[in-house]
Amino acid sequence: MKRVDFKTIKHKVEERTIVEAAKPVMEMALEEGIETAWDRLEIQQPQCGFGQTGVCCNRCTLGPCRIDPFEEGPEKGVCGADADLIVARNFLDDLSTGAAAHSDHGREILETLYKTSVGQAQGYDIQDTKKLNHIAAELGVETKNKDNNEIGKDVALALLEEFGTIKNSIKFIDRAPDKTREIWKAAGISPRSVDREIVESMHRIHMGVGANYANVLLHGLRTSLSDGWGGSMMATEVSDILFGTPEINSSHVNLGTLKKDMVNVILHGHNPILSEMLVKAAQDPEMKKLAREKGASGINLAGICCTGNELLMRKGVPIAGNMLDQELALATGAVEVMVVDYQCIFPSIAQTAGCFHSKIISTSEKSKVSGAVHMELHPETAFDTANKILKLAIENYPNRNQDRVKIPAEPVKMVAGFSVEAIKKALGGSLKPLVDVIASGKIRGAVGIVGCNNPKIKHDYGHIELAKALIKNNILVVETGCAAIASGKAGLLLPEAAELAGEGLKEVCKSLGIPPVLHMGSCVDCSRILVLAAELANILGVGIDQLPLAGAAPEWYSQKAISIGSYFVSSGVFTVLGIPPKIFGSQNVINLVASGLNDVVHAAFAVEPDPVAAAQLICDHIENKRKALNI
Ligand code: CUV
Ligand code: SF4
C-alpha cells in the first residue's frame, strides 16, 4: 500500500472514526502501511453503480446482464428478466444467505447440545436446567422420570426437526401474539421450517422460476421469519441452555482491553462453542503458570464481534471492539493469537496478522482462512483443542516485539447481560412495570439498534448519534451486535449514561440502576428482542405491530442484517436502515419495501443515512403508535 503524509493521515483518521481509543492505532497503521478495510474501500472507488442499485444479474451463463437504471440501455436481461425481478432476486439471495448463516450457526449449537447430552462432547455440560425444562415443555418433550441429559437429547432432536420438512411449522412462532400470527397467515408467510425456506429461496432465484418480483420478496419475508423465530432463536435458547442464560454483569470494552504484559487471545466470529472452552481452559492454573514461565503476567481473553458478545453476555469477558476494530486490534502488535470461527472475519486477516508476530487460528471446517493455522473444532475434542490453542498463544508471547506494541487507551467500563430473563428480574419479576412506564409516557417506546459497522459510515457514528438522540427523547434503546459494542465504547452502556436521557427515561433508569441502552447480546440474540416485543404485546393483548417500537441498523453491511431487518419488519416493527439496500434500481421494489409492506405485515422499511433524521422518523412513528393505542 502507498504511504501517505502526516497531515493526510490525521485527516483520514478523523474522517474514518469517532472512536478516540482507535485513532492512535489507525494513525500508526496508515503510517506503516498496514492495510485496513477503509483503505480497500478507498481503492474500490468508484464502486459499480449497477451493483449498488441491484440491477446487475450474474445468475446464469446467458448473462451476466445489467439493466440501465436511466432507461437508455437494456431494460431486460437475456432471459427477459426486468429490473424489478433482478433487484428482487438479488435481495432474496442476500437475505437467504444471511438467514442461512444464522441458522447454520444455530444448528451447530443444537448438535453440540445433542452430543453433550449423549456423552460425546468434551468439556460441556447443561448449565441452565430451568430453561431446558421450560423449552422442553414448550416443545411438548416429555420430562417425567428423565434426567437432564435425557431431556437435553430430546430437546436437541425436537429442535433439529425444526430444520426439516416433515412438520411444516416452526414451534417458536407460537411465542408471537395471536394477532401477529394471523397477519403472517393471511400473507402466506408463516415459516414452515428453517432449511426449507432457504432452499426454496435458492430454487426461486434460479432462472425461469419466480418471475413476479412481489412474490419473490414475500418469500423473503417468510425466510427471514424462519431465521428470527427459528434458527436464530434456537441458537440463542440452546446457547443459554448450554452456557447459561445471561445475567446483568459488568466488563470492559475497546482496544485498551488488550494488555501489554499479558498473553492476548482475541476471540472473533459468532459461534461460542469453541470460545466457551477457551474461557474454561484459560482458568487452568497450569496454563497461567505456563504463561508466567514465558514472561507474561497472565492470559487475557478479549472478544471481537459477536463471539465477543456471546462471551461478554454470559461470562463478562471484555470486548476489544466491533467489526471494524478487527484489523486495528492486530495493529496494536499485542495479539498473540486471534481465534476465528466464522462470519464477519476479513478474508485478508492473516495478512494483517503477518505484519506482526500474531497468528490467526481458524477453527471451523466451513471457514478456513488462507495463511491461518487451522485447528478444527469438534465438540468431541473441544476442550483439548482449546488447550492446544492456548498453549500456542502462550508460546507465541516471547515472539512479540514490545517496542512495536501500541495499546492506545484505557478500557471503558460497561454493563451487559440483558437477556429477557435478566430484564424481568431487574423489573421485579415481570415485564408489567415496563408496560406501565410506557403506558404512562415516562418512556415513549423502545427501539432495537442492531447490526454492523461499515466503512461507508464513520466508525460508530451512526450507532452513537442515533442512540443518543433516541434516549434524549425518552425512548429506551436495546441493542445487539456491533451496535451494542459501539455503545459500550462510547460509555452508553453505563448507568451514568442515564444523565444523557430525557427526564422520564432518566428517572426510570436511575430508580432501577440500569443504563438507558441495554446490551441484549449477539446478532442471533436479536431473537431476544422478538421475544421481548412478543411478551410486551401479549401483556397488552395486541399485535407486535401495534406497539410503540422500531428497529434500526445504522451501519449495517452484512446479508445477515438484511434477514434481521426483514424479520423485524415482518414481525410488525418499522425499521430504518442507515445504508441503502441494493434495491434502488427498481421503483416497484422500493415502493413495496418502503410502503406496500404496510398493507401486508403492518410495517415497512425506511432508509435514512443521517442518524438525527432517522431518530426523527422513529420518534414520529412511535408517537403515532401511541396515539393509535390511546396512550
Ligand atoms: Ni453478528 S453481522 S458485523 S459481528 S453486527 Fe457486527 Fe455481529 Fe454485523 Fe457481523
Ligand atoms: Fe441474465 Fe437472466 Fe441469466 Fe440473470 S438469470 S444472468 S438476467 S439471463
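Just so it is clear, the structure is predicted and the values come from calculations on it, not from any experiment.

Caption draft 1: Seen up close, the pairing of strand β5 (residues 299-304). When you tally the buried positions in β5, you get six out of six residues, the bulk of the element. In the sheet, strand β4 (residues 263-269) pairs with β5 via six bridges, with the strands oriented parallel. Following the sheet pairing, N264 is matched in β5 by N300. Both β5 and strand β6 (residues 319-321) contribute to a ladder of two bridges, which runs parallel. Residue pairing in the sheet places G303 in a bridge with I319 of β6. One crossover worth recording links β5 to the parallel β6 by way of helix α13 (residues 305-315), and it is right-handed.

Caption draft 2: Molecular detail of the pattern of salt bridges. As enumerated under the stated definition, the model contains 45 salt bridges in all. Between R528 and D240 there is a salt bridge, with its nearest N and O atoms 2.9 Å apart. Residue R528 is found in helix α22 (residues 526-540), and its partner D240 is found in helix α10 (residues 213-243); the two are separated by 288 residues along the sequence. D240 matches R528 in its accessibility class, with the two residues each being buried. The network of salt bridges with common partners includes K131, E138, R175, E237, D240, E310, R314, E421, D525 and R528.

Caption draft 3: Representation of the site of ligand 2 in the model. Close to ligand 2 lie C57, R59, C60, L62, G63, C65, G77, V78, C79, I86, R89 and M207. Among the residues forming the shell around ligand 2, the class breakdown is eight nonpolar, two polar and two charged.

Caption draft 4: Structural context of the side chain of R314. Locating R314 in the fold gives a position in helix α13. A polar side-chain atom of R314 sits 2.8 Å from the main-chain carbonyl oxygen of G244. In terms of polar contacts, R314 uses its side chain to reach the side chain of E310, at 2.7 Å. With near-sequence residues (within four places) excluded, R314 lies in contact with T236, S239, D240, F243, G244, P246, E276 and R528.

Caption draft 5: Here's a closer look at the coordination of the nickel atom of ligand 1. Only H270 (NE2), C306 (SG) and C523 (SG) from the protein coordinate the nickel atom of ligand 1, and they sit 2.2 to 2.7 Å from it. Donor residues for the nickel atom of ligand 1 sit on one chain with the sequence pattern H-x35-C-x216-C. Taken as a pair, C306 in helix α13 and C523 in the loop between β13 (517-519) and α22 lie far apart in primary sequence, 217 residues in all. In terms of burial, C306 and C523 fall into one category: buried.

Caption draft 6: Spatial organisation of the domain arrangement of the protein. Each assigned domain of the protein is listed with its residue range as follows: domain 1 (81-241), domain 2 (248-402) and domain 3 (416-627). Measuring from the centre of the C-alpha atoms in domain 1 to the corresponding centre in domain 2 gives 30 Å. Facing the 17 residues of domain 1 at the interface are 19 residues of domain 2. Considering only the side of domain 1, the residues that lose the most area to domain 2 are H105, Q122 and Y124, jointly responsible for 40% of the buried surface there. Taken together, the connections running from domain 1 to domain 2 amount to four salt bridges. Note that K366 is salt-bridged to E108, the shortest N-O span being 2.3 Å. One can count twelve residue pairs in polar contact (both at pLDDT 80 or more) joining domain 1 with domain 2.

Caption draft 7: Region of interest: the packing of aromatic side chains. Scanning all chains against the criterion turns up three aromatic pairs. Considering the side-chain rings of W184 and W229, the 5.6 Å spacing of their centres and the 65° angle between planes classify their relative orientation as edge-to-face. Pair noted here: W184 is in helix α8 (residues 178-187) and W229 is in helix α10, with a separation of 45 residues, a long-range link. Each of the two residues, W184 as well as W229, counts as buried. Here the aromatic rings of Y567 and F568 are separated by 5.7 Å at their centres, their planes lie at 75°, and the arrangement is edge-to-face. Judged by relative accessible area, which is 0%, Y567 ranks as buried. The ring of F346 is capped by R40, whose NZ or CZ atom sits 5.2 Å from the centre of that ring.

Calculation notes
Residues numbered from 1 in each chain as written. Chains lettered and ligands numbered in written order. Predicted model: local features only at pLDDT ≥ 70, side-chain atom pairs only at ≥ 80, totals over all residues. Heavy atoms only, no water. Buried < 20%, exposed > 50% of the residue type's maximum accessible area, 1.4 Å probe, protein only. Helix = DSSP H or I, 4+ residues; strand = E, 2+ residues; numbered from the N terminus. Pairing = 2+ DSSP bridges. Right-handed = clockwise from strand over helix to strand, strands pointing away. Salt bridge = Lys/Arg side-chain N within 4 Å of Asp/Glu carboxyl O. Near = heavy atom within 4 Å. Nonpolar A, V, L, I, M, F, W, Y, C, P; charged D, E, K, R; others polar. Polar contact = N/O pair within 3.5 Å; in protein donor to acceptor, adjacent residues only side chain to side chain. Contact = heavy atoms within 4.5 Å. Donors = N, O, S within 2.8 Å, 3.2 Å for Na, K, Ca; no water. Domains from an automatic or database assignment. Buried area = accessible area lost by both parts, 1.4 Å probe. Phe/Tyr/Trp six-rings, centres within 6.5 Å; stacked < 30°, edge-to-face > 60°. Lys NZ or Arg CZ within 6 Å of the ring centre and 35° of its normal.

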